[in-house]
Amino acid sequence: MIFLLFFINPFFAFFSSFFLLLKKGSKKHERIVVYIIISLFCALLSYTQKSSGLQDTDIVRYYDYFRDYAKMPLFGTDLLFNLNLLFVGFDIVSRIVVNITRDVKVFSLFWTFVSYIYFYLSIEHFIRFRRIRLNNKKWFFLIVFCTVCLQLFTQVTETYKQAVSLSLFFYGFSLTLLNRKKVGVIYIVFAMLCHLSTLLCLIMYLPRYVNSRKMWIVVGICGLIGLINSMNVMTKLLNLIGSNNYFLYSLVYKSEKYGEEVDGFSFSFIFVLQLLVLIVACLYIEFCTRKRVRYRNYFIPFLCLLLINLSSAHNFDRYINLAAFPMTILFLDCLTLRTKQKTLYTTVLTFFVIGMFFVNTRKVYFRTLDTTGYTSSYMDNSIPKIILSPSFVYFYE
């Protein structure tokens with residue numbers, strides 16, 4: 001029934017799907033339907049995106065790169081010619097999707113759906129790994145919060161390679177936590193073939209080998225490393241190895257580029273607030289909650305990753321903007337771990353929710369409605385059009 005509603009009015013189906021969790025959130029198959037509806041709506045909205053600012057956004061460059069493959073003969077001999085080795089997995093799948101559908105904009109629809117659906121499935125796996133029991137109200141609250149306050153739609157639809165890569169990596173990671181290691185490794189390897197930066201996310205496995213107290217020492221070390229420009233260090237190391245082939249030359253180029261100040265990427269109050277929310281939540285979990293003997297905090301490694309990249313505004317921005325899954329598992333621990341300090345529990349959760357809502361709202365505003373610089377439009381950024389349009393209208397935008 002809800003899929004029929006989606007065809008008639010995708011926004012209303014998207015909005016209604018959250019309330020389905022209030023009635024049937026405890027049933028996994030009902031939650032999967034909700035995830036599909038949310039992912040489909042976000043994918044449909046991404047199909048309509050256009051660059052609307054003074055500077056072209058990445059979607060212009062993506063469409064320029066893949067447009068010719070929509071015109072090629074189906075599975076033509078040149079389809080997989082001259083692949084980019086830095087994101088070969090992403091390149092292959094994108095070319096095939098565009099070639100089959102004959103529409104370059106399906107690129108956005110496909111990858112947005114993939115990013116979102118694997119994000120929600122990763123949450124499912126982590127909750128199962130933690131053996132957390134949530135009632136319908138908590139499922140409703142969790143999924144609404146994840147969708148509105150943690151998953152940054154404008155970043156997913158701007159940096160597809162890294163967004164998809166991280167989403168697939170965390171899905172693979174969640175599978176390995178459930179001891180489905182072979183399938184999990186396949187996802188992790190493919191994630192790295194979409195974007196090499198995901199290699200650094202292997203730090204997520206550190207809690208398996210370092211206990212909780214020692215992890216805070218690692219956090220301190222990472223903070224010190226973050227004071228130096230890690231990208232410049234990488235450039236020097238790669239130059240020592242030599243850049244006598246295309247792959248190494250491309251890595252050197254990227255590390256040099258991101259080691260310098262990049263236009264449009266800078267630290268601001270928003271990122272300081274977001275980092276503060278995450279650190280406060282980590283400290284609360286570590287020192288104010290009761291945990292099982294074998295408890296491991298799987299957010300702290302991602303905090304280490306953020307701190308390592310403090311010297312590179314570009315890398316830090318990307319990682320913290322695409323940290324929906326690590327932030328979700330942090331929020332889950334805040335929500336479900338027991339504590340005697342009820343007032344502190346309420347304060348931390350309130351700070352987390354309000355802080356992240358403010359952060360996400362500001363980021364979406366600056367990427368859509370701000371009149372200067374680097375912006376995109378989705379259904380012309382018209383709220384009435386988004387709310388009232390049937391599904392087929394989205395394909396004509």
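Residues numbered from 1 in each chain as written. Predicted model: local features only at pLDDT ≥ 70, side-chain atom pairs only at ≥ 80, totals over all residues. Heavy atoms only, no water.

Backbone geometry at Arg102 places phi at a positive 60°, although glycine is not the residue there. For Arg102, the position within the fold is in the loop between helix 5 (88-101) and helix 6 (106-130). Even without being glycine, Arg131 reaches a positive phi, approximately 60°. Along the chain, Arg131 turns up in the loop between helix 6 and helix 7 (136-150). You can call Arg131 exposed: its relative accessible area is 70%. (Helix = DSSP H or I, 4+ residues; strand = E, 2+ residues; numbered from the N terminus. Buried < 20%, exposed > 50% of the residue type's maximum accessible area, 1.4 Å probe, protein only.)

Mapped onto the fold, Lys105 is located in the loop between helix 5 and helix 6. Summary of buried charges: Lys105 has no salt-bridge partner, and the nearest side chain of opposite charge, Asp103, is 6.3 Å away. (Lys, Arg positive; Asp, Glu negative; His and termini not counted. Salt bridge = Lys/Arg side-chain N within 4 Å of Asp/Glu carboxyl O.)

In contact at an axis separation of 11 Å, helix 11 (residues 212-225) and helix 14 (residues 269-288) are set at 150° when each is read in the N-to-C sense. Comparing the axis directions of helix 11 and helix 14 gives the class roughly antiparallel. Once helix 11 is placed against helix 14, the crossing between them reads as left-handed. Listed contacts from helix 14 to Ser212, Arg213 and Trp216 of helix 11 are Cys282, Leu283, Glu286 and Phe287. Its residues assigned to classes, the contact of helix 11 with helix 14 shows four nonpolar, one polar and two charged. (Axes fitted to C-alpha atoms, helices over the stretch in contact; angles between N-to-C directions. Parallel < 35°, antiparallel > 145°, perpendicular 65-115°, else oblique. Left-handed = near helix turned anticlockwise from the far one by under 90°. Contact = heavy atoms within 4.5 Å. Nonpolar A, V, L, I, M, F, W, Y, C, P; charged D, E, K, R; others polar.)

Below, the discussion takes up the nonpolar core. Core analysis: the biggest nonpolar cluster contains 119 residues, and Phe90, Phe107, Leu142, Phe169, Phe302, Phe352 and Met356 have the highest contact counts within it. Here Leu142 is in contact with Ile123, Ile127, Leu134, Thr328, Phe331 and Leu332, once residues within four sequence places are set aside. (Core = buried A, V, L, I, M, F, W, Y, C linked by side-chain atoms within 4.5 Å.)

So, on to the packing of helix 14 against helix 17 (residues 324-336). Two elements in contact, helix 14 and helix 17, have axes whose closest approach is 10 Å; the angle formed by their N-to-C orientations is 40°. One element, helix 14, and the other, helix 17, form an angle in the oblique class. For helix 14 against helix 17, the interelement crossing comes out left-handed. Contacts between helix 14 and helix 17 pair Gln274, Leu278, Ala281, Cys282, Tyr284 and Ile285 from the former with Met327, Leu330, Asp333 and Cys334 from the latter. Here the contact of helix 14 with helix 17 is composed, by residue class, of eight nonpolar, one polar and one charged.

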